[in-house]
Amino acid sequence: MKKLLFFIPLTAAAIMYSSLSHAGRDHGWGGGHGHGWGHHRHHHEHYYPQPQINYYPQPQINYYPPPQVNYYPQPQVNYYPQPRVNYYPPQPRYDQRSHQGLAGGVIGSVFGYEIGNGDPVAAGLGAAAGSFLGNGVGGRR
């Protein structure tokens, strides 16, 4: 606690002294030039020449005009009416299938299977041939 009571006045004195020393540097409290209050100095004992600063002109900025934009008209859109919808499917002209073709396909499949010794390709060929012969070679007209 005693250290705290010692540091508070010490800090206040340091703050006051720093502001007083800053004021004595040709800035303010003395009325212009000099040290302290009211001491005017008319001669410059410690004058340092300021360095010469050469400012170069700013580079010229050239703004180019924006490129020309060509707007083309949109293509014409032609709307055509939709075709009529036929809700009824077209009727088949003639159904060439018959019961005889079905029976011929079954018998041809059995013969093809037996002749081909269980070969499924031979059974399929036999069924196609039997169906073709059962429907009549050209179909019924």
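Residues numbered from 1 in each chain as written. Predicted model: local features only at pLDDT ≥ 70, side-chain atom pairs only at ≥ 80, totals over all residues. Heavy atoms only, no water.

Trainee: How should I be thinking about the overall build of the protein chain in this particular structure?
Mentor: The secondary structure content of the protein chain amounts to 3 helices and 0 strands. Of the regular secondary structure in the protein chain, the N- to C-terminal order runs α-α-α. Buried residues in the protein chain amount to 9% of all 141 residues. Here the contacts in the protein chain between residues at least 6 apart in sequence split such that 33% fall between residues at least 24 apart. Of the roughly 14,400 Å² of accessible surface on the protein chain, a fraction of 62% belongs to carbon and sulfur atoms. (Helix = DSSP H or I, 4+ residues; strand = E, 2+ residues; numbered from the N terminus. Buried < 20%, exposed > 50% of the residue type's maximum accessible area, 1.4 Å probe, protein only. Contact = heavy atoms within 4.5 Å. Areas by Shrake-Rupley, 256 points an atom, 1.4 Å probe, with all protein chains shown as cover.)

Trainee: Whenever I open this one, the confidence of the model for the protein chain confuses me. Can you help?
Mentor: Close reading of the predicted structure is inappropriate where its pLDDT is low. Per-residue confidence for the protein chain gives a mean pLDDT of 76, with 75% of residues at or over 70. Helix α1 (residues 2–23) is the least confidently modelled element of the protein chain, averaging 72 in pLDDT, while helix α3 (residues 120–134) averages 88, the highest of any element. (pLDDT = per-residue confidence, 0-100.)

Trainee: Help me understand helix α2 (residues 99–115), please; the structure alone is not making it clear to me.
Mentor: An α-helical segment advances 3.6 residues per turn. Residues three or four places apart therefore align on the same side. For α2, spanning 17 residues, the distance from its first C-alpha to its last is 24 Å, which sits close to the expected 24 Å at 1.5 Å a residue. Among the residues of α2, those classed as buried are Gly 101, Gly 104, Gly 105, Gly 108 and Gly 112. Buried residues in α2, looked at end-on, bunch into an arc of 105 degrees, giving them a common side. Pointing more than 90 degrees away from the buried face of α2 are the exposed residues His 99, Leu 102 and Glu 114. (Expected span 1.5 Å × (residues − 1). Arc of directions from axis to C-beta.)

Trainee: When you look at unusual backbone geometry in this model, what are you seeing that I'm missing?
Mentor: It is generally the case that most residues other than glycine have a negative phi and that most peptide bonds are trans. One non-glycine residue with positive phi stands out, namely Asn 117, at about 55 degrees. Note that Asn 117 resides in the loop between α2 and α3. When its relative accessible area of 72% is taken as the criterion, Asn 117 is described as exposed.

Trainee: Hey, could you run me through a nonpolar patch on the surface in this one?
Mentor: On the surface, a cluster of nonpolar side chains totalling about 320 Å² of accessible area is made up of Phe 6, Phe 7 and Leu 10. Structurally, Phe 7 is set in helix α1. (Patch = residues over 30% accessible without salt bridge, like charges linked within 9 Å, V, L, I, M, F, W, Y side chains within 5 Å. Salt bridge = Lys/Arg side-chain N within 4 Å of Asp/Glu carboxyl O.)

Trainee: Help me understand α3 in this model?
Mentor: End to end, α3 covers 21 Å across 15 residues, agreeing with the expected 21 Å (1.5 Å per residue, within 8%). Of all the residues in α3, the buried ones are Ala 123, Gly 126 and Gly 130. Taken around the axis of α3, the buried residues stretch over an arc of 65 degrees, which confines them to a single face. Turned more than 90 degrees from where α3 packs its buried face, Val 121 and Leu 125 sit exposed. In this structure, the buried side of α3 is in contact with α2. Gly 136, located one to two residues past α3, shows a positive phi value of around 90 degrees.

Trainee: Looking at this structure, how should I read the environment of Ala 127?
Mentor: Mapping Ala 127 onto the fold places it in helix α3. On the basis of relative accessible area, Ala 127 is assigned to the partly exposed category, the value being 22%. Between the alpha carbons of Ala 127 and Phe 111 there is a distance of 8.3 Å; along the sequence they are 16 residues apart. For Ala 127, the residues in contact, after removing those within four places along its chain, are Gly 105, Gly 108 and Ser 109.

Trainee: Even after reading the chapter, I still don't get the packing of α2 against α3, so can you show me in this structure?
Mentor: Angle between the axes and distance between the axes: these two values describe a pair of packed helices. Following both chains from N to C, one finds α2 and α3 inclined at 150 degrees, their axes separated by 6 Å at the closest point. As summarised for this structure, α2 and α3 are arranged roughly antiparallel, according to the angle between their axes. For the crossing formed where α2 meets α3, the hand is right-handed. Contact residues: α2 offers Gln 100, Gly 101, Gly 104, Gly 105, Gly 108, Ser 109, Gly 112 and Tyr 113, while α3 offers Ala 122, Ala 123, Gly 126, Ala 127, Gly 130, Ser 131 and Gly 134. Considering only residue class, the contact of α2 with α3 consists of 4 nonpolar, 11 polar and no charged. (Axes fitted to C-alpha atoms, helices over the stretch in contact; angles between N-to-C directions. Parallel < 35°, antiparallel > 145°, perpendicular 65-115°, else oblique. Left-handed = near helix turned anticlockwise from the far one by under 90°. Nonpolar A, V, L, I, M, F, W, Y, C, P; charged D, E, K, R; others polar.)

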